[in-house]
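Working through the structure, step by step
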Amino acid sequence: MTHWREILRTTPMRLTLRLVVLFVAASLGAFAVTWWLANEALLDATETVLEQQIDELSAADEPQAIGQAVKAAVKRSDSDHLLLRYDGPDGTVGNYLGRLPPGKFRQSDLEDEQHDVDGHYILLGKNVAGGTLTVGQDAEALTELRDVFIQVLTFTLLPTALLVLTGGVFIALRSARRAAAIEDTLARLTAGDLAARLPVLTGPPDDLTRVGSAIDRLAAAQEASVAALRQVSADIAHDLKTPIQRLAVLLSEARDKAPHLEVLDRASAEIDGIVATFQSLLRIAQIEGGSPRSRFAPVDLGSLAETMVELYEAAAEETGHNLHLTLTDPATIKGDRMLLGQLLANLIENALRHTSSGAITVFVENASLIVADKGPGIPKEERQAVLRRLYRLDRSRSTPGNGLGLSLVDAIVKLHDGSLVLSDNDPGLRVTVRFAEFTEM
Ligand SMILES: Nc1ncnc2c1ncn2[C@@H]1O[C@H](COP(=O)(O)OP(=O)(O)OP(=O)(O)O)[C@@H](O)[C@H]1O
Ligand SMILES: [Mg+2]
């Protein structure tokens, strides 16, 4: 049902329907004018014939002779085709004595049981000596003309309209398929799959094919520039890593030699922060590169969550938090156990760091991991932004961290083809990560 509605909404189908309506309207107009002209010509010819007959019958110009002529003509003719009537001083004679419609030249349905007259006739009346002479001819020719026109209409207009409609549906189906392929590719590109390209479109090329190729070119350019950007960031990180590490070593040596210089402690703390940021950035770049997928193995989400919660229990108690674990039918998924542990660690650490106290619950429901807290939460309009690298909420400026934890979570979820949703825990933040359950074949 929706499929047909979609086809009706395609440009080729709309154009086809408009063309069919235009074609039918133009053809009907042309047929109507032609039919009217032919009808008029036929009526003119009939009028001339009827006039001739009246002239012949009234040639004597004397009532009795006209009456005689009419009677004689009635005997010769058939009332089905020719009506004759003379309304003279001695009464009415002829093969039709029924009612006569007013007017000189007119068409009418006539009926006279006595003379077996019943049908549609074309009549011409004329005042002649002593009265009125009326001659009529059956209108069969007009009816035939109308029938011919109806036949021509049915055998030309209807098949043509049907043919055009069928052609339109075929073209619309093809273009709907092309539009769907383009939409699908655009949706994948929008979702971040920059490698998405249009499938080969069968059939002769058209404007949609051109749009499709343009999208492919755009995606290829985008993919290339993102790859170049990644490469540059990775190169910078890589080139800076060694000097920074050397600097850290030098600072620690300096601290050993001059333990009383407090400024060296501060410099050392800063350098540690820089090293941590670099390591996280490189880690995210590496995960986004997708290389560790080869290490994927079955991971039991329940036991992983148990381990992580145990690991953080003491820290949670220290900060006045209450860390729980709720397992509901935990599933096994295919993934990297270490990275999945890192994901849970980042989410638990966030809950510990960004909420002052209260309950923190880790749920494992089938193949979903949920970490929910009772803190200030993240405003709806910032929930996408916090996934960006180095992005932190204004209120978190004074808390330690560098805004890379959730970016790493996002990269790990994408690597596992999962979904990540940040929502309101009323109050607090609720992070839901959904994976596909692993089933052994
Ligand atoms: N559970 C939470 N409750 C409230 N705000 C949060 C929570 N988790 C994250 N945020 C907000 O989102 C921001 C980004 O989080 P993210 O984990 O990426 O960085 P971070 O925790 O600040 O630093 P780190 O790189 O050490 O993780 C945080 O700075 C904080 O403002
Ligand atoms: Mg964090």
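Please read these numbers as outputs of a predicted model, since none were measured by experiment.

Considering the domain arrangement of the chain
For the chain, the assigned domains read domain 1 (1–190), domain 2 (207–288) and domain 3 (294–434). Domain 2 puts eight residues into the contact, and the matching count from domain 3 is 12 residues. When domain 2 packs against domain 3, the two sides together hide about 920 Å² of surface, and 68% of this comes from carbon and sulfur. Contact with domain 3 buries surface across domain 2, with Arg283, Ile284 and Ile287 losing the most and accounting together for 62% of the total. Summed over the shared surface of domain 2 and domain 3, the number is one salt bridge. Across the pair Arg389 and Glu288 runs a salt bridge whose closest N-O atoms are separated by 2.6 Å. Across the domain 2-domain 3 interface, the total number found is three residue pairs in polar contact (both at pLDDT 80 or more).

Quick look at the nonpolar core
Counting residues in hydrophobic clusters, the biggest one holds 47 residues, and the most contacted among them are Leu343, Val433 and Phe435. When contributions to this core are tallied by element, the ones reaching two or more residues are helix H6 (262–288), helix H7 (301–318), helix H8 (337–354), strand S9 (358–365), strand S10 (368–373), helix H9 (405–415), strand S11 (419–424) and strand S12 (429–434). Among the elements that line this core, the one with the most residues is H8, at nine residues. Setting aside anything within four residues of it in sequence, one finds Val433 in contact with Leu343, Leu347, Ala367, Ser368, Leu369, Val413, Ser419 and Leu420. Judged by nonpolar contacts, the second largest core, of 19 residues, contains Val70, Leu82, Ile122 and Leu142.

Some remarks on the pattern of salt bridges
Pairs can form between side chains of opposite charge once their charged atoms are near each other. Applying the stated criterion across every chain yields a total of 13 salt bridges. Note that Lys126 and Asp55 form a salt bridge whose closest N and O atoms lie 3.3 Å from each other. Residue Lys126 is located in strand S4 (residues 117–128), and its partner Asp55 is located in helix H2 (residues 11–57); the two are separated by 71 residues in the primary sequence. Taking relative accessible area as the criterion, Lys126 reaches 36% and is therefore assigned partly exposed. A salt bridge links Arg188 to Asp193; its shortest N-O distance comes to 3.3 Å. When its relative accessible area of 30% is taken as the criterion, Asp193 is described as partly exposed. Connected through shared salt-bridge partners, Arg174, Arg178 and Asp206 make up one network.

Some words on a negative patch on the surface
On the surface, a cluster of negative charge is contributed by Asp78, Asp80, Asp109, Glu111, Glu113, Asp116 and Asp118. With respect to the secondary-structure elements, Asp116 resides in the loop between strand S3 (105–112) and S4.

Considering the side chain of Asp410
Relative to the assigned elements, Asp410 resides in helix H9. Those residues in contact with Asp410 that lie beyond four places of it in its chain are Leu387 and Leu420.

A few points about the site of ligand 1
Around ligand 1, a shell composed of 20 residues is seen, among which Arg353, Asp373, Arg392, Ser396 and Leu404 lie nearest. At 3.1 Å from a nitrogen atom of ligand 1 is found a side-chain nitrogen or oxygen belonging to Arg395. Leu406 is positioned with one of its backbone polar atoms (N or O) 2.8 Å from an oxygen atom of ligand 1. Alone, ligand 1 offers 590 Å² of accessible surface; in the complex the protein occludes 95% of this. Looking at the shell around ligand 1, the elements with two or more residues in it are H8 and H9. Sort the elements by how many residues they give to the shell around ligand 1 and H8 lands first, with four residues. For the shell around ligand 1, the residue count by class is eight nonpolar, eight polar and four charged.

Quick notes on unusual backbone geometry
In this chain, Asp426 is followed by Pro427 through a cis amide linkage whose omega measures 0°. By secondary structure assignment, the location of Pro427 is in the loop between S11 and S12. Despite not being glycine, Asp61 has its phi angle at roughly 60°, a positive value. Tracing the backbone through its elements, the reader meets Asp61 in the loop between H2 and helix H3 (63–76). Here Asp426, not a glycine, exhibits a phi torsion of approximately 50°, which is positive. Along the chain, Asp426 turns up in the loop between S11 and S12. A residue is classified by how much of its surface remains accessible, and Asp426, at 64% relative accessible area, is exposed.

As for the environment of Asp78
Considering the arrangement of structural elements, one finds Asp78 in the loop between H3 and strand S1 (82–88). Expressed as a C-alpha distance, the spacing of Asp78 and Val117, which sit 39 residues apart in the sequence, is 10.0 Å. Reaching out from Asp78, the side chain makes a polar contact with the backbone nitrogen of Asp80 at a distance of 2.9 Å.

The rules behind the values
Residues numbered from 1 in each chain as written. Chains lettered and ligands numbered in written order. Predicted model: local features only at pLDDT ≥ 70, side-chain atom pairs only at ≥ 80, totals over all residues. Heavy atoms only, no water. Domains from an automatic or database assignment. Contact = heavy atoms within 4.5 Å. Buried area = accessible area lost by both parts, 1.4 Å probe. Salt bridge = Lys/Arg side-chain N within 4 Å of Asp/Glu carboxyl O. Polar contact = N/O pair within 3.5 Å; in protein donor to acceptor, adjacent residues only side chain to side chain. Core = buried A, V, L, I, M, F, W, Y, C linked by side-chain atoms within 4.5 Å. Buried < 20%, exposed > 50% of the residue type's maximum accessible area, 1.4 Å probe, protein only. Helix = DSSP H or I, 4+ residues; strand = E, 2+ residues; numbered from the N terminus. Patch = residues over 30% accessible without salt bridge, like charges linked within 9 Å, V, L, I, M, F, W, Y side chains within 5 Å. Areas by Shrake-Rupley, 256 points an atom, 1.4 Å probe, with all protein chains shown as cover. Lys, Arg positive; Asp, Glu negative; His and termini not counted. Charge placed at Lys NZ, Arg CZ, Asp CG, Glu CD. Near = heavy atom within 4 Å. Nonpolar A, V, L, I, M, F, W, Y, C, P; charged D, E, K, R; others polar.

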